[in-house]
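One-letter residues, chain by chain:
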Amino acid sequence: SGERPPWLLHRITAHEAGEAGATSFETSRAAFIGRTRTLAAHLTNSGTIAVNYSLTLSKAGALHQNTGLIELTGTGTVVTVTGSSFTNQGGDPSGTITGAGTLDVNGVTFTNHGVMNPTGVMTVSGNYTQGAGGTLSVGFSGSGADPQFGMLQVAGTATLAGSLCVSATGFL
């Protein structure tokens, strides 16, 4: 088929003791590039996660927590969360979810006590609850034919408390 053989192998394993599944692999470059990345683990993030491709967090019953930065950086990026709940924590340190893409939280309880900062269109598929300490931060910049904006779309129920921070630049 004219494909060159692979010359690099990269493997990431994230699991709890005794829960490792079968190893999966792909020899077709085209099929590999289109694959979704799946982590069957409980996520507790206090660092930076840059999501360039679609990602699934698929640990049954998990209580996922973010006190770091989750950045949706790829075009069409979808982060699908399964488990029990996903909390973007507030306080010190505070969790931040930024970028553009889709956060699919259908079937889990998603609560923002930290900062949601869409830099383009960020969609929450499922319900969005913003607690009293949470902040939705959106910005508008530019004018004319190429304005830029941040927008949060919620496909389920939006329950809002906390703060709305709006910044506008380039309009004067």
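Residues numbered from 1 in each chain as written. Predicted model: local features only at pLDDT ≥ 70, side-chain atom pairs only at ≥ 80, totals over all residues. Heavy atoms only, no water.

1. Observations regarding a nonpolar patch on the surface
Right, so step 1: Residues Val121, Phe140, Phe149, Met151, Leu164 and Val166 make up a contiguous nonpolar surface patch of about 500 Å² in total accessible area.
Right, so step 2: Note on placement: Phe140 falls in strand 13 (residues 135-141). (Patch = residues over 30% accessible without salt bridge, like charges linked within 9 Å, V, L, I, M, F, W, Y side chains within 5 Å. Areas by Shrake-Rupley, 256 points an atom, 1.4 Å probe, with all protein chains shown as cover. Salt bridge = Lys/Arg side-chain N within 4 Å of Asp/Glu carboxyl O. Helix = DSSP H or I, 4+ residues; strand = E, 2+ residues; numbered from the N terminus.)

2. Some thoughts on the nonpolar core
Right, so step 1: Core analysis: the largest hydrophobic core is formed by 21 residues, its most contacted members being Val81, Phe86, Ile97, Leu103, Val105, Phe110 and Met116.
Right, so step 2: Residue contributions to this core peak at 3 residues, all from strand 11 (residues 115-125).
Right, so step 3: Residues within four places of Phe110 in sequence aside, it is in contact with Phe86, Ile97, Leu103, Val105, Met116, Asn127, Tyr128 and Thr129. (Core = buried A, V, L, I, M, F, W, Y, C linked by side-chain atoms within 4.5 Å. Buried < 20%, exposed > 50% of the residue type's maximum accessible area, 1.4 Å probe, protein only. Contact = heavy atoms within 4.5 Å.)

3. Here we look at the packing of aromatic side chains
Right, so step 1: Throughout the structure, instances matching the rule amount to 2 aromatic pairs.
Right, so step 2: With centroids separated by 5.9 Å and ring planes inclined at 45°, the aromatic side chains of Phe110 and Tyr128 adopt a geometry described as tilted. In this pair, Phe110 sits in strand 10 (residues 109-112) while Tyr128 sits in strand 12 (residues 128-130), placing the two residues 18 residues apart along the sequence. In this pair, the class of Phe110 matches that of Tyr128, namely buried.
Right, so step 3: What links up through ring pairs into an aromatic cluster is the set Phe86, Phe110 and Tyr128. (Phe/Tyr/Trp six-rings, centres within 6.5 Å; stacked < 30°, edge-to-face > 60°.)

4. Describing unusual backbone geometry
Right, so step 1: Of note, the amide linkage connecting Asp92 to Pro93 takes the cis form, showing an omega dihedral of 5°.
Right, so step 2: Among the structural elements, Pro93 can be located in the loop between strand 8 (85-88) and strand 9 (96-104).

5. Some details on the environment of Ala168
Right, so step 1: Following the sequence through the fold, Ala168 ends up in strand 17 (residues 163-169).
Right, so step 2: A relative accessible area of 56% places Ala168 in the exposed class.
Right, so step 3: It is 8.8 Å that separates the C-alpha atoms of Ala168 and Val138, two residues lying 30 residues apart in sequence.

6. Observations regarding the environment of Tyr53
Right, so step 1: Note on placement: Tyr53 falls in the loop between strand 3 (48-51) and strand 4 (55-57).
Right, so step 2: Residue class for Tyr53 comes out partly exposed when judged on its relative accessible area of 49%.
Right, so step 3: Expressed as a C-alpha distance, the spacing of Tyr53 and Gly76, which sit 23 residues apart in the sequence, is 8.0 Å.

7. Things to note about the sheet that holds strand 8
Right, so step 1: Read from one edge to the other, the open sheet built from 6 strands follows the order 2-5-8-10-12-16, with strand pairing classed as parallel. Each end of this open sheet is capped by a strand with a single partner; those strands are strand 2 (44-45) and strand 16 (158-160).
Right, so step 2: In this sheet, strand 8 lies alongside strand 5 (residues 63-66) in parallel orientation, the contact comprising 4 bridges. Bridge pairing in strand 8 places Gln65 opposite Thr87. (Pairing = 2+ DSSP bridges.)

8. Here's the deal with the pairing of strand 11
Right, so step 1: Where strand 9 meets strand 11, 8 bridges bridge the pair, whose relative direction is parallel. Bridge pairing in strand 11 places Gly101 opposite Met122.
Right, so step 2: In this sheet, strand 15 (residues 151-154) lies alongside strand 11 in parallel orientation, the contact comprising 4 bridges. Across the sheet, the residue bridging to Thr123 is Gln153, located in strand 15.

9. Observations concerning the pairing of strand 6 (residues 69-72)
Right, so step 1: Burial along strand 6 is one-sided: the face carrying Ile70 and Leu72 is buried and the face carrying Leu69 and Glu71 is not.
Right, so step 2: Bridge analysis of strand 3 against strand 6 gives 4 bridges, and the strand direction is parallel. Bridging across to strand 6, Val51 finds its partner in Leu72.
Right, so step 3: Bridge analysis of strand 6 against strand 9 gives 4 bridges, and the strand direction is parallel. The residue bridging Ile70 from the neighbouring strand is Ile97, located in strand 9.

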